[in-house]
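Fold and geometry: a report
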Amino acid sequence: DPTFGASASVNINLTPAVVIAVENAKLAYEAGEISYEAMVRSIELNVRKSFYSLLYSKENIAVQESALASAKQTYEANLAKYKQGRLSELDLLNAQYNYERKLPQLESLKQGYEISLDSFKQVLGLKLTEELELTGNLAEAAGTLLNEEAIMVNLDEIPDVKKAKLSVDSAKNTLASTRY
């Protein structure tokens, strides 16, 4: 009767250096995750800042357009008074200057807004030719209150705190590695 037999053996030598190398790899992976999380939060913050900046620019343009319309009405009223002989030419020219001085300022604000809007589209990954309508206003943004959940955040979950703790763990691991 033939008999078959097989045997196998596995010999794994775990030295302290291998354990520390595995721990280093784990810490490096966690550091990468924390960096990714911090980058995502940074991008979100920059998008919010850009959005609110665009809202500010849009509202500023509306205010300047209103000021331009008011200056135009003043000029037209002064022109009518000048034609009637009730106003000096100096006052008329002063009103005309105040009106015409606002035209390039308003145009500059509009161009700046368009440039900022195109930059915002690029950050969002949109084509520059796509229409983008911003909704909301600064009063809504300023009126938002922090809720209890936002205030009572676990400090250990903040990426910078995680990164600092990870640096301490990495330093301890490096110290253990040098000891072995």
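The following paragraphs examine the structure supplied in this document.

Conventions we followed
- Residues numbered from 1 in each chain as written.
- Predicted model: local features only at pLDDT ≥ 70, side-chain atom pairs only at ≥ 80, totals over all residues.
- Heavy atoms only, no water.
- Salt bridge = Lys/Arg side-chain N within 4 Å of Asp/Glu carboxyl O.
- Helix = DSSP H or I, 4+ residues; strand = E, 2+ residues; numbered from the N terminus.
- Buried < 20%, exposed > 50% of the residue type's maximum accessible area, 1.4 Å probe, protein only.
- Contact = heavy atoms within 4.5 Å.
- Expected span 1.5 Å × (residues − 1).
- Arc of directions from axis to C-beta.
- Phe/Tyr/Trp six-rings, centres within 6.5 Å; stacked < 30°, edge-to-face > 60°.

**Here's the deal with the pattern of salt bridges**
Pairing of side chains with opposite charge becomes possible as their charged atoms draw close. For the coordinates displayed, the defined rule picks out two salt bridges. Its salt-bridge partner being Lys-58, residue Glu-133 comes within 3.1 Å of it at the nearest N-O pair. With Glu-133 in the loop between helix 2 (89–124) and helix 3 (138–143) and Lys-58 in helix 1 (residues 16–83), this residue pair connects regions lying 75 residues apart in the sequence. Its relative accessible area of 32% is what places Lys-58 among the partly exposed residues. In this structure, Glu-65 and Lys-110 form a salt bridge, with 3.3 Å as the shortest nitrogen-oxygen distance.

**So, the side chain of Asn-78**
Relative to the helices and strands, Asn-78 resides in helix 1. Contact partners of Asn-78, with chain neighbours within four places excluded, come to Leu-87, Asp-91, Leu-92 and Ala-95.

**Section: the environment of Phe-120**
The topology assignment puts Phe-120 in helix 2. Note on Phe-120: relative accessible area 6%, which makes it buried. Between the C-alpha atom of Phe-120 and that of Asn-46, which follows or precedes it by 74 residues, the distance is 9.9 Å. Once you skip the residues sitting within four places of it in the chain, Phe-120 turns out to touch Val-47, Ser-50, Phe-51, Leu-54, Leu-132 and Leu-134.

**Digging into helix 5 (residues 159–179)**
Along its 21 residues, helix 5 runs 30 Å from first to last C-alpha, staying within 8% of the 30 Å computed at 1.5 Å per residue. Buried residues of helix 5: Pro-159, Leu-166 and Asn-173, and no others. For helix 5, the angular spread of the buried residues around the axis is 45°, confining them to a single face. In helix 5, the exposed positions angled more than 90 degrees off the buried face are occupied by Asp-160, Lys-172, Thr-178 and Arg-179.

**A short note on helix 2**
The terminal C-alpha atoms of helix 2 lie 53 Å apart, and with 36 residues this matches the ideal 52 Å at 1.5 Å per residue to within 8%. All of the buried residues in helix 2 are Leu-92, Ala-95, Tyr-99, Lys-102, Leu-106, Tyr-113, Leu-117, Phe-120 and Lys-121. Just beyond helix 2, the residue with positive phi is Gly-125, at close to 85°.

**Here's the deal with the packing of aromatic side chains**
Evaluated as defined, the whole model comprises two aromatic pairs. A ring pair is formed by Tyr-75 and Tyr-99, whose centres lie 6.3 Å apart and whose planes are at 5°; its orientation type is stacked. Here Tyr-75, found in helix 1, pairs with Tyr-99, found in helix 2; they are 24 residues apart in sequence, far enough to count as distant. Taking the relative accessible area as the measure of exposure, Tyr-75 reaches 18% and is therefore buried.

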